[in-house]
Amino acid sequence: ARESEGVRSFIGAESGLVGMAGMSVVVAPARTDSNRIVGAIGVIGPTRINYARIIPVVDYTARVIGRMLG
């Protein structure tokens, strides 16, 4: 999440985590107005998760948290 500007998805073994073959991770950094990372928010779910619904929620939540903590 640190290296991306927005939401990033890792699907299955692409995540590099052991045991994630049937799972996916959708994650976004929470950044302040000065672009400092104060955390990250993400969702772990099955590989067939509803990405069209989850990605905007993760993005919005990360932006709100970044503003609140910044």
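Residues numbered from 1 in each chain as written. Predicted model: local features only at pLDDT ≥ 70, side-chain atom pairs only at ≥ 80, totals over all residues. Heavy atoms only, no water.

(A) The sheet that holds strand S1 (residues 8–11), seen in detail. Read from one edge of the open sheet, 3 strands run S1-S2-S3, paired in antiparallel fashion. Only two strands of the sheet have a single neighbouring strand rather than two, namely S1 and strand S3 (37–46). If you compare each strand with its neighbour and ignore which way they point, the axes differ by 20° on average. In this structure, strand S2 (residues 23–31) lies alongside S3, joined through 9 bridges in antiparallel fashion. Within S3, the position partnered with Val 27 by the bridge is Gly 42. Where helix H1 (residues 51–69) meets the sheet, its contacts fall on S1, S2 and S3, and the angle it forms with S2 comes to roughly 30°. (Pairing = 2+ DSSP bridges. Helix = DSSP H or I, 4+ residues; strand = E, 2+ residues; numbered from the N terminus. Axes fitted to C-alpha atoms, helices over the stretch in contact; angles between N-to-C directions. Contact = heavy atoms within 4.5 Å.)

(B) Spotlight on the confidence of the model for the protein. Overall, the predicted model of the protein reaches an average pLDDT of 87, with 87% of residues at or above 70. The least confident element of the protein, judged by mean pLDDT, is S1 at 87; the most confident is H1 at 94. (pLDDT = per-residue confidence, 0-100.)

(C) Spotlight on the side chain of Thr 32. Residue position: Thr 32 is located in the loop between S2 and S3. Residue Thr 32 is classed as buried on the basis of its relative accessible area, which comes to 9%. In this view, Thr 32 contacts Val 38, Gly 66, Leu 69 and Gly 70; residues no more than four positions away in its chain are not counted. (Buried < 20%, exposed > 50% of the residue type's maximum accessible area, 1.4 Å probe, protein only.)

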